[in-house]
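Per-entry structural report
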Amino acid sequence: MSPITTIDKVGDYVGQAVTLRGWLYNKRSSGKIQFLQVRDGTGVIQCVAVKSEVGDEVFAACDALTQECSLIVEGVVRRDERAKGGYELSVLRVERVGTSTDYPITLKEHGVDFLLDHRHLWIRTPRQRAILKVRAEVMRAMADFLDGDGFTRVDPPVLTPSSCEGTTELFHTQYFDEDAYLTQSGQMYLEAAAMALGKVYSMGPAFRAERSKTRRHLIEFWMIEPEMAFYTHEDNVRLQEAFVSHVVRHVLTTCENELATIGRDIAKLERIEPPFPRLSYDEAIAWLQRHGHDIRWGDDFGAPHETELAAQFDRPVFIERYPTQIKAFYMQPDPERPEVVLCADLLAPEGYGEIIGGSQRIHDYDLMRQRFEEHRLPMDTYGWYLDLRKYGSVPHAGFGIGLERTVAWICGLEHVREAIPFPRMLYRLYP
RNA sequence: UCCUCGAUAGCUCAGCGGUAGAGCAUCCGGCUGUUAACCGGAGGGUCGCAGGUUCGAAUCCUGCUCGGGGAGCCA
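Figured I'd write up the structure that's included with this text.

Calculation criteria
- Residues numbered from 1 in each chain as written.
- Chains lettered and ligands numbered in written order.
- Predicted model: local features only at pLDDT ≥ 70, side-chain atom pairs only at ≥ 80, totals over all residues.
- Heavy atoms only, no water.
- Core = buried A, V, L, I, M, F, W, Y, C linked by side-chain atoms within 4.5 Å.
- Buried < 20%, exposed > 50% of the residue type's maximum accessible area, 1.4 Å probe, protein only.
- Helix = DSSP H or I, 4+ residues; strand = E, 2+ residues; numbered from the N terminus.
- Contact = heavy atoms within 4.5 Å.
- Disulfide = S-S within 2.5 Å.
- Phe/Tyr/Trp six-rings, centres within 6.5 Å; stacked < 30°, edge-to-face > 60°.
- Lys NZ or Arg CZ within 6 Å of the ring centre and 35° of its normal.

Soluble globular proteins tend to pack their nonpolar side chains together in the buried interior. Val134, Val138, Met142, Phe243, Trp409 and Ile410 are the most contacted members of the largest nonpolar core, which totals 61 residues. Element by element, the count of residues in this core is highest for helix α4 (residues 126–147), at 10 residues. Not counting residues up to four positions away in its chain, the partners in contact with Val138 are Val247, Val251, Leu403, Val407 and Ile410. Counting 30 residues, the second largest nonpolar core, distinct from the first, contains Met188, Ile285, Tyr330 and Tyr385.

What the rule picks out here adds up to 0 disulfides. Cys47 supplies the cysteine sulfur nearest to Cys62, a cysteine that is in no disulfide, at a spacing of 8.5 Å. With a relative accessible area of 0%, Cys62 lands in the buried category. Unpaired in terms of disulfides, Cys69 finds its nearest cysteine sulfur in Cys62, a separation of 10 Å. Assessed through its relative accessible area of 0%, Cys69 is described here as buried.

Our focus in this paragraph is the packing of aromatic side chains. Evaluated as defined, the whole model comprises 14 aromatic pairs. Here Phe329 and Phe372 contribute two aromatic rings whose centre-to-centre distance is 6.0 Å and whose plane-to-plane angle is 85°, an arrangement assigned as edge-to-face. Placement of the pair is Phe329 in the loop between β13 (317–320) and β14 (333–334) and Phe372 in helix α11 (residues 365–374), with a sequence separation of 43 residues. Neither Phe329 nor Phe372 differs from the other in exposure class; each is buried. A cation sits over an aromatic face here: Arg119 above Trp122, 4.7 Å from the ring centre. Directly above the aromatic system of Tyr322 lies the positively charged group of Lys327, at a separation of 4.2 Å from the ring centroid.

Next up, the structure:
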């Protein structure tokens, strides 16, 4: 038998016979010639069977193949200008591995509802495969960047005794006789880990039981959360722009074919280099007021505000130093202006909204204690968090980046649901 | 939770008061270079559910169910 290889590597076998293993993506045929579009996860290649060359038996075997049946095909690799990937396979032999009758997803248009009901099959299509590939490369780039910068990966728990921020709705479950909740952020645990390991990060799912139904929301989504001891707000922001730029550059170099399959305008990504523009909250409010928005200092931005602010720039933009009142309890006040905190949100271009939220954290014991009282946080579940300010506290900072929003932006997707293999959305838990 | 749009063949949709339609998919036949191939033929329907108006409802009205988009909230 000829050597087994994959479609992405057939270029190394021109003129030789190879064996490919995959699935039939599509088939076109006339009376005496058949064109089999075979995919194997690494790409798609057209396999050509000419009746007078392969013989009646092999030709009939090709004829019996149906959409998405699995198969092993042996053939000679040929360079061909007419082929999309540049190569074709002249079929010598074909073996069907698994049948597939009445495959639901045809190559014609489908509605979102139908596709989501068949997500387990939808991911086989070239576009969805490409998106999942980009997602994997985004995660690899993030991990590579942080690992190469002295970070240690630490995995916070998914089951928690209560909320990290106390604001959003939590998924409730039982932990034997106790109440438990699915994590909405690992941040507090990462702060603890940063005091143990210096620079740490997590990659994992977060859960928000919000009845959100927009193209930017998932009920279950993934966050990457770096947390750094001895980092200031300024250090934090500089890390973020280097981090995001690295991720985009990595995807541009490793996912050229995938971005082409998705139809992404590469030029928009090639501009993503540090430094990113920065706007203070004050400046952002003033800009919005000048552009006809009824918004006052102290209000939080809505999605349309964010979109308009971000639309001014061709790179992601930081909005920093928000009013203390509208941000989380643990954020460090600006020493020169205690009414604002040392935080920054990073808004992606092209209307993708907030992809990063980050801040310098309060390290002073008395101030954190005061915040606990102001927000009536229960000591029995948060006592350990206060301990971090009691034993060797240091200034520290961190951020959380939403993976699906980042992938959606890099791929230019209409909706974050395509940026995760099996999206959990409002009213959708299947498949 | 609110606003808004929608539900007709396996899929995407048209039909908007007078016998249920098209393209694709499926099956049969044809075609030696197809690119969501093409050509001919066939099968395929509780028009989301329940009421109401009408001689007559897929079509108009009311309620319900399910879903899409958006808002709020957030990544």
